[in-house]
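# Summary of structural features
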Amino acid sequence: MTNQTIEATKVFVSVDNSSQWIVLEEEMQAGFNYQLASIEDLHDYVAACGEYFTYNVETAEGVAKWHTEKSPEESPLDYICEYRVIN
């Protein structure tokens, strides 16, 4: 069995300043307390701005990727769109 490395960008949420609640790793020098974002944080981000990360992101739960799939016909939703842990 081989271990496969998945490339991902770390995404953090600000603990001290809610106006900077999501930042990328290179922005962490701003002097605020940060913690690795959770999948729920990423879903909040999508709900707030309507955008999602098109690349793999490292979260508190593991490496996640945006997933979209068509719902079954009997479902009240047309599509399921969410971040899912891939590693």
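No experiment lies behind these values; they were computed from the predicted model shown.

### Quick notes on the pattern of salt bridges
Scanning the model with the defined rule gives 2 salt bridges in all. A salt bridge links Glu 69 to Arg 84, with the shortest nitrogen-to-oxygen separation between them at 3.5 Å. On the criterion of sequence distance, the pair formed by Glu 69 in strand E5 (residues 62-70) and Arg 84 in strand E6 (residues 79-85) is long-range, its members being 15 residues apart. Owing to a relative accessible area of 31%, Arg 84 belongs among the partly exposed residues under this scheme. The residue Arg 84 makes a salt bridge to Glu 82 at a minimum N-O spacing of 2.7 Å. Note on Glu 82: relative accessible area 26%, which makes it partly exposed. The structure contains a network of salt bridges with shared partners spanning Glu 69, Glu 82 and Arg 84.

### Some details on the side chain of Ser 38
Topologically, Ser 38 is positioned in the loop between strand E3 (34-36) and helix H1 (39-49). In this structure, Ser 38 is in contact with Thr 59, Ala 60 and Glu 61, ignoring residues within four places of it in sequence.

### Let's talk about the packing of aromatic side chains
The full count for this structure, using the stated rule, is 4 aromatic pairs. Relative to Phe 53, the ring of Tyr 45 lies with its centre 5.3 Å away and its plane at 10 degrees, an arrangement referred to as stacked. For Phe 53, a relative accessible area of 10% puts it in the buried group. Ring geometry for Trp 66 versus Tyr 83: centroids 5.0 Å apart, planes at 75 degrees, classification edge-to-face. Here the residue Trp 66 occupies a position in strand E5, and Tyr 83 occupies one in strand E6, the gap between them amounting to 17 residues.

Cut-offs applied
- Residues numbered from 1 in each chain as written.
- Predicted model: local features only at pLDDT ≥ 70, side-chain atom pairs only at ≥ 80, totals over all residues.
- Heavy atoms only, no water.
- Salt bridge = Lys/Arg side-chain N within 4 Å of Asp/Glu carboxyl O.
- Helix = DSSP H or I, 4+ residues; strand = E, 2+ residues; numbered from the N terminus.
- Buried < 20%, exposed > 50% of the residue type's maximum accessible area, 1.4 Å probe, protein only.
- Contact = heavy atoms within 4.5 Å.
- Phe/Tyr/Trp six-rings, centres within 6.5 Å; stacked < 30°, edge-to-face > 60°.

So yeah, pure geometry; function would need other evidence.
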